[in-house]
Amino acid sequence: MVSTSLPSLASHSPAYICPYDQACSYLEWAGKELKLDPGLLEILSHPRKVVTVSIPVKMDNGEIRVLPGHRVQHCDILGPYKGGIRYHPAVTLREVSALAMLMTWKCALLGIPYGGAKGGIPIDPKQYSLGELERISRRYISELIKDIGPSVDIPAPDMGTSAREMAWMMDTYSVNVGHSVPGVVTGKPISIGGSLGREMATGRGVMIIVREALANQGKSLAGVRVAIQGFGNVGGAAAELLHQEGAKIIAVSSGAGGVFSETGLNIPALKAYAAENRRSVVGFPQATPISNADLLTLPCDVLIPAALENQITEENVHQIQAQFIAEAANGPVTLEANRVLEAQGVTVLPDILANAGGVVVSYLEWVQGLSYLFWDEGRVNREMEHLMVNAYHRVVKQSQSQGVNLRLAAYTLGVGRVAQALTDRGLYP
Ligand SMILES: NC(=O)C1=CN([C@@H]2O[C@H](COP(=O)(O)OP(=O)(O)OC[C@H]3O[C@@H](n4cnc5c(N)ncnc54)[C@H](O)[C@@H]3O)[C@@H](O)[C@H]2O)C=CC1
Ligand SMILES: O=C(O)CCC(=O)C(=O)O
């Protein structure tokens with residue numbers, strides 16, 4: 001078992017599945033398949049740098065709170081660290097470390113010149129005013145000023161953050177260094193150098209990978225029954241694009257619950273409803289309520305978990321009725337559940353492939369910014385689709401040639417590329 005020096009899990013219940021332990025188990029699995037030297041595996045199982053800062057924030061009522069803010073930089077052997085920043089009450093350092101490691105394999109798999117990082121602040125953004133969120137975001141990035149930069153570490157949105165937070169962060173960084181630095185973040189507004197297509201990119205990538213996986217079995221998206229957990233940036237965009245391609249979205253959910261329709265939800269109407277109701281789908285009149293747990297076990301062709309980690313576990317895996325699971329979220333299926341699904345003949349499209357559309361367009365945004373050239377949305381989408389489809393076919397080919405499932409195939413490609421780079425650069429042994 002690979003080891004970790006990150007803080008222990010003493011405060012968690014025995015049922016808690018640690019995302020970092022999961023990430024290390026996946027790495028170990030890939031390492032075994034690649035016959036990697038244990039020393040190399042040991043290097044890759046540790047983040048290169050772990051930063052936790054204190055963020056003092058003046059609340060609107062005058063109270064002072066101090067929040068922890070994490071940034072974990074897993075590996076930069078292929079290029080600057082890259083990865084989103086999450087605002088969610090359950091954020092922990094170990095979760096952020098796991099997500100940083102996934103970013104390393106994702107960027108390597110897609111062949112984009114980045115390493116992996118992730119950041120997070122344990123807050124529920126819905127409990128904070130706009131002013132408080134702005135002060136938190138600005139102070140967080142001020143505290144990290146020496147650790148980030150357009151050729152060092154480039155944050156982007158993740159759960160609970162969006163272009164708005166990226167704009168505050170880009171501005172704070174720029175004011176601190178004395179000139180505008182658009183390349184310090186991606187996923188920023190178009191007005192300050194963001195890319196067309198970035199907002200829909202992760203959902204578009206999910207749609208592309210599902211389409212390719214269906215095509216591989218001689219099927220198309222038309223009429224396919226899809227259930228989606230999470231209706232935020234990723235789940236919402238995936239729902240919209242799959243709906244446009246003729247898929248029948250039978251259920252979607254947000255944090256407080258979901259909605260179901262046997263005949264298919266009216267996604268444009270649901271999007272408008274969520275926009276008016278603080279991004280919640282609960283209470284949408286043209287559908288039946290459904291819990292987040294029940295949504296996962298609906299009979300459907302494609303299940304898309306697009307919220308948090310550890311949603312499909314040993315507890316519920318035997319009830320899963322989908323034929324395909326597309327991991328739009330990072331880490332929604334546990335290692336044990338993945339084994340059961342494989343035995344049941346369910347195709348799992350792994351996170352580091354299925355949700356890579358976001359970081360691919362982040363890369364295209366960064367490239368456009370560095371070259372002072374801006375592309376139309378059609379070009380951005382075409383470039384992204386090319387990279388995604390190419391990665392999908394490489395993963396399928398690897399899976400067939402090695403006789404392993406798609407996750408292990410994706411991991412061996414991602415981890416293998418990083419291991420090779422470490423060796424070639426002479427950093428190992
Ligand atoms: N934003 C991006 O570009 C990328 C995001 N991802 C991953 O996709 C997932 C979702 O991220 P975003 O859509 O950006 O976040 P978001 O904050 O825009 O949306 C999250 C959605 O999940 C729902 N949700 C929250 N807690 C839930 C729970 N306990 N059960 C069910 N639903 C719940 C929220 O109500 C919301 O609908 C995360 O795992 C993230 O790491 C992956 C690649 C890129
Ligand atoms: O767009 C990016 O740079 C990172 C997106 C991200 O956090 C992810 O892919 O999980």
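Residues numbered from 1 in each chain as written. Chains lettered and ligands numbered in written order. Predicted model: local features only at pLDDT ≥ 70, side-chain atom pairs only at ≥ 80, totals over all residues. Heavy atoms only, no water.

Looking at an unreviewed UniProt entry, one finds the protein named Glutamate dehydrogenase and attributed to Anabaena cylindrica. As recorded by UniProt, the Sequence similarities (unreviewed entry) comment attached to the protein reads in full: "Belongs to the Glu/Leu/Phe/Val dehydrogenases family." (UniProt positions renumbered as here; feature names shortened; annotations may be inferred.)

> Whenever I open this one, the domain arrangement of the protein confuses me. Can you help?
Think of interface size as the accessible area that goes away when the parts come together; that is how it is often given. Along its sequence, the protein is carved into domain 1 (45-193) and domain 2 (200-354). Its C-alpha centre places domain 1 at a distance of 27 Å from the equivalent point of domain 2. With 13 residues of domain 1 at the interface, the matching set in domain 2 holds nine residues. Counting each side, the surface lost to burial between domain 1 and domain 2 is near 970 Å², with a carbon and sulfur contribution of 57%. By the criterion of area lost to domain 2, the three top residues of domain 1 are Leu 102, Lys 106 and Lys 126, representing 43% of everything that side buries. (Domains from an automatic or database assignment. Contact = heavy atoms within 4.5 Å. Buried area = accessible area lost by both parts, 1.4 Å probe.)

> I keep staring at empty space enclosed by the protein and nothing clicks. Help me out?
Unoccupied space between atoms shows up once a probe the size of one water molecule is rolled over them. Under the defined criterion, the tally for this structure stands at one cavity of 30 Å³ or more. The calculated volume of the largest cavity comes to roughly 130 Å³. In this structure, the largest cavity is lined by 16 residues; those nearest its centre are Pro 19, Gln 22, Ala 23, Leu 102 and Gly 331. Every element with two or more residues in the lining of the largest cavity is listed here: helix 1 (19-34), helix 3 (93-110) and helix 14 (406-424). Per-element tally for the lining of the largest cavity: the top contributor is helix 1, with four residues. When its residues are assigned to classes, the lining of the largest cavity shows eight nonpolar, five polar and three charged. Of the domains in this structure, domain 1 (45-193) and domain 2 (200-354) are the two that each give at least three residues to the lining of the largest cavity. (1 Å grid on protein atoms, 1.4 Å probe; cavity = no way out; pocket = protein on both sides within 12 Å on 5 of 7 lines; lining within 4 Å. Points joined across faces, edges and corners; volume = space filled by probe spheres on them. Helix = DSSP H or I, 4+ residues; strand = E, 2+ residues; numbered from the N terminus. Nonpolar A, V, L, I, M, F, W, Y, C, P; charged D, E, K, R; others polar.)

> Any chance you could explain the pattern of salt bridges here in plain terms?
A pair can form between side chains of opposite charge whenever their charged atoms are brought close. Counting across every chain of the model gives 23 salt bridges. Notably, a salt bridge pairs Arg 94 with Asp 21, separated by 2.9 Å at the nearest N-O pair. Of the two residues, Arg 94 sits in helix 3 while Asp 21 sits in helix 1, which places them 73 residues apart along the sequence. Note that Glu 143 is salt-bridged to Arg 139, the shortest N-O span being 2.8 Å. Of this pair, Glu 143 and Arg 139 are both found in helix 4 (residues 130-143), four residues apart, which corresponds to roughly one turn of the helix. A single salt-bridge network, built from bridges that share partners, covers Arg 86, Glu 95, Lys 118, Asp 158 and Glu 309. (Salt bridge = Lys/Arg side-chain N within 4 Å of Asp/Glu carboxyl O.)

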